[in-house]
Amino acid sequence: MKIDKLSFQIAGQLLEGRKSFREIAQELAVAENTVRSRINKMQKEGVMDIVARLDVEQLPGHTMVFTGVLLDERDLFAKCQELSQLRGVVSAAVVTGRFDIILTLLLRDGFGLLEFYSEEMSKIEGIRSVESFVVYKGSKLMTPYILDPNTLPE
């Protein structure tokens with residue numbers, strides 16, 4: 001799908017949260033059906049996702065962690081995809097610098113860094129080393145809630 005100016009404008013309108021197709025269409029001076037079809041097509045093709053994001057700082061018992069991963073192998077993209085499927089991984093990216101991949105993790109009481117390494121990362125072959133950076137305080141640390149809410153303590 002070619003992402004044109006209108007697609008970017010529609011995505012920008014959604015940054016403000018819940019907004020009806022009609023409101024977006026009026027704001028951009030296009031037909032409501034155009035907005036609906038563009039959003040549906042962008043979602044179907046994986047260009048855009050509409051999700052609720054939560055402020056990590058407002059989630060009691062939760063922590064955001066960035067983890068740098070150095071690999072023994074060179075198939076970075078396949079390994080990045082594999083790592084992105086682990087529980088607790090918000091995102092995974094192949095990067096430049098001293099690490100091959102950077103993971104963004106959302107962890108919580110009962111599923112912390114130790115559990116992530118021992119239960120999840122241990123499943124992955126070819127990892128030479130990792131280094132984690134625990135976020136103590138942040139700004140605009142918004143994340144989709146990717147952990148199972150049914151396993152939260154009461």
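Residues numbered from 1 in each chain as written. Predicted model: local features only at pLDDT ≥ 70, side-chain atom pairs only at ≥ 80, totals over all residues. Heavy atoms only, no water.

A. Molecular detail of the sheet that holds strand E5 (residues 127-134). Ordered by their spatial adjacency, 4 strands build an open sheet running E3-E4-E2-E5, and the pairing between neighbours is antiparallel. Because the sheet does not close on itself, it has two edges, and the strands there are strand E3 (89-94) and E5. In this sheet, neighbouring strand axes are inclined to one another by 20 degrees on average, regardless of whether the strands run parallel or antiparallel. Pairing of E3 with strand E4 (residues 101-108) involves 5 bridges; the strand directions are antiparallel. Bridged to Ala-92 within E4 is Leu-103. Here helix H4 (residues 76-84) sits on the sheet in contact with strand E2 (62-71), E3, E4 and E5, set at roughly 175 degrees to E3. In the packing of helix H5 (residues 113-120) onto the sheet, contacts are made with E2, E3, E4 and E5, and the angle to E4 comes to roughly 120 degrees. (Pairing = 2+ DSSP bridges. Helix = DSSP H or I, 4+ residues; strand = E, 2+ residues; numbered from the N terminus. Axes fitted to C-alpha atoms, helices over the stretch in contact; angles between N-to-C directions. Contact = heavy atoms within 4.5 Å.)

B. Spatial organisation of the nonpolar core. Counting 22 residues, the largest nonpolar core has Leu-83, Leu-103 and Phe-116 as its most contacted members. With 5 residues, E4 is the single largest residue contributor to this core. Apart from residues lying up to four places away in sequence, Leu-83 is in contact with Val-69, Val-89, Ile-101, Leu-103, Met-121, Ile-124 and Ile-127. (Core = buried A, V, L, I, M, F, W, Y, C linked by side-chain atoms within 4.5 Å. Buried < 20%, exposed > 50% of the residue type's maximum accessible area, 1.4 Å probe, protein only.)

C. The arrangement of the packing of aromatic side chains in detail. Taken as a whole and assessed by the stated rule, the structure comprises 2 aromatic pairs. Arranged with centres 6.4 Å apart and planes meeting at 80 degrees, the rings of Phe-99 and Phe-133 form a pair that is edge-to-face. Taken together, the positions of Phe-99 in the loop between E3 and E4 and Phe-133 in strand E5 put the pair 34 residues apart, joining distant regions of the chain. A residue is classified by how much of its surface remains accessible, and Phe-99, at 11% relative accessible area, is buried. Accessibility expressed as a relative area gives 36% for Phe-133, which makes it partly exposed. An angle of 55 degrees between the planes, with centres 6.0 Å apart, marks the rings of Phe-116 and Tyr-117 as tilted. Relative accessible area serves as the criterion here: at 0%, Phe-116 is assigned to the buried category. The partly exposed category is assigned to Tyr-117, whose relative accessible area is 24%. (Phe/Tyr/Trp six-rings, centres within 6.5 Å; stacked < 30°, edge-to-face > 60°.)

D. Quick peek at helix H2 (residues 21-28). Of all the positions in H2, only Ile-24, Ala-25 and Leu-28 are classed as buried. Viewed end-on, H2 has its buried residues packed into an arc of 100 degrees, placing them on one side of the element. Summarising the geometry of H2, the exposed residues directed more than 90 degrees from the buried face are Arg-22, Gln-26 and Glu-27. As for H2, its buried residues are in contact with helix H1 (5-14) and helix H3 (32-44). (Arc of directions from axis to C-beta.)

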